[in-house]
Amino acid sequence: MTSSCIDIDSFIAYFTQKLSKKDREILENHLSCCDHCLEILATTTQVLDDETLSHWETISETRAQATLNKITEKIQKIKEFYQWSKEQLPPLWIKPSLQPAMVSVRSENEIFPTEHIFIQRAMNGLYTEMYIERSDDQLVSIKVRVLQDKKIAPRVCIIMERKGEGPSARALKHHYVSFNDLPFGQYRLNLEQDSVDKGEYIFEINEKGLYRS
Ligand SMILES: [Zn+2]
């Protein structure tokens, strides 16, 4: 944050389209060089999206204030959860709509924190990529793909098991497999190819991030 950071009143004026053209330009110029304020804006668009508000101009000042309060909380959580994965974008095999909304605002090599973790790991000739996205306060969705010789590995089965629960197995048939809305906890990811065990990856995921066991 710098002394010229955008204050809440200016954000409200921006969302409610009450800024003059000149002030809007100043604000947008600042956004183009300040991670802190860009995060607020990016998160705002997510929150507004969550609440299915289709147009910013329909928001009342009270609503904008409430939204900003929520955003401040949400940003804090995002920071805690994703601070260590700040440099990473979702991989290309994730559909473009999941890419952070505001990335195009910034130069290509500057990326702000997003709500995801991307892990790559080699296991006995198989190259595994996991894209973990926080889907709710206590839930994550995990997409996994496995490559062999730079192509989708054939006859691979991906088994995800949360400690204390039964395993969930998916055959890798297309680009990737998804395990949706998994609660925080300890997990074991296990790969099989032709029914042969190819290795495992044990990790814990909670509101602070991901930890390897
Ligand atoms: Zn700023």
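The residue numbers shown here count from 1 along each chain, following its written sequence. Totals for whole chains, interfaces and linings use all residues, but because this is a predicted model, local features are given only for residues with pLDDT of at least 70 and pairs of side-chain atoms are given and counted only at 80 or more.

Before we move on, can you summarise the overall build of the protein chain with the specific residues and values?
The secondary structure listing takes helices from DSSP runs of H or I that are at least 4 residues long and strands from runs of E that are at least 2 residues long, numbered from the N terminus. If you tally the helices and strands in the protein chain, you get four helices and ten strands. For the protein chain, the α and β elements follow one another from N to C terminus as α-α-α-α-β-β-β-β-β-β-β-β-β-β. Backbone-placed C-beta atoms define the burial measure: a residue is buried with 20 or more other C-beta atoms within 10 Å of its own, exposed with 12 or fewer, and partly exposed in between. Per-residue burial over the protein chain gives 21% buried out of 213 residues. The long-range fraction of contacts in the protein chain, counting pairs at least 24 apart against all pairs at least 6 apart in sequence, stands at 57%. A pair of residues counts as a contact when their C-beta atoms, built from backbone coordinates, are within 7 Å of each other.

So what about unusual backbone geometry? Which residues, and what values?
Residues other than glycine seldom take positive phi values, yet lysine 150 does so here, at roughly 65°. A residue is classified by how many C-beta atoms lie within 10 Å of it, and lysine 150, with 6 of them, is exposed.

So, the environment of methionine 123: which residues are in play, and what are the values?
Along the chain, the position of methionine 123 falls in strand β1 (residues 116-123). With 78 residues separating them in the primary sequence, methionine 123 and tyrosine 201 have C-alpha atoms 8.9 Å apart. When sequence neighbours within four positions are dropped, the list of residues in contact with methionine 123 reads Thr128, Leu191, Lys198 and Gly199.

Describe the sheet that holds strand β10 (residues 209-212), and please don't skip the residues or the numbers.
Pairs of strands are assigned from DSSP output, requiring at least two bridges between the strands. Reading across the sheet, the five strands line up as β6-β5-β8-β9-β10 and stay open at both edges, with antiparallel pairing between neighbours. With partners counted over all chains shown, the strands left at the sheet margins are β6 (167-172) and β10, one partner each. Each neighbouring strand pair of the sheet contributes to a mean axis angle of 25°, computed without reference to strand direction. As judged from the nine bridges shared by strand β8 (residues 185-193) and strand β9 (residues 196-206), these two strands associate in the antiparallel manner. Comment: axis = line fitted to C-alpha atoms, over the contacting stretch for helices; angle = value between 0 and 180 degrees taken between N-to-C directions.

Quick one: what's the story with the pairing of strand β2 (residues 126-134), residue by residue and with numbers?
Note that β1 and β2 share eight bridges and pair antiparallel. Across the sheet, alanine 122 pairs through a bridge with tyrosine 127, a residue of β2. What sits between β1 and β2 in their antiparallel hairpin is a turn of two residues, with asparagine 124 showing a positive phi close to 45°. Two elements, β2 and strand β3 (residues 139-148), share eight bridges in a ladder whose sense is antiparallel. By the bridge assignment for β3, glutamate 133 is matched with serine 141. Once β2 ends, the chain turns through four residues before running back antiparallel as β3.

Summarise helix α1 (residues 8-15); cite the residues concerned and give the values.
Restricting attention to buried positions, one finds in α1 the residues Phe11, Ile12, Tyr14 and Phe15. Along the long axis of α1, the arc covered by the buried residues comes to 160°, so they all point the same way. Of the residues trailing α1, glutamine 17 is marked for its positive phi of about 55°. Regarding the arc, it is the one traced by the directions from the helix axis to the C-beta atoms.

Break down the nonpolar core for me, citing the residues and quoting the values.
Ranked by internal contacts, the top residues of the largest apolar core, which has 17 residues, are Ile132, Val144, Val146 and Ile158. At the level of elements, β2, β3, β5 (156-162) and β8 are the ones that each hand at least two residues to this core. At four residues, β3 tops the list of elements feeding residues into this core. Counting twelve residues, the second largest nonpolar core, distinct from the first, contains Ile6, Leu38, Leu41 and Ala64. Here, a nonpolar core denotes buried Ala, Val, Leu, Ile, Met, Phe, Trp, Tyr and Cys residues that are linked to one another through C-beta atoms within 7 Å.

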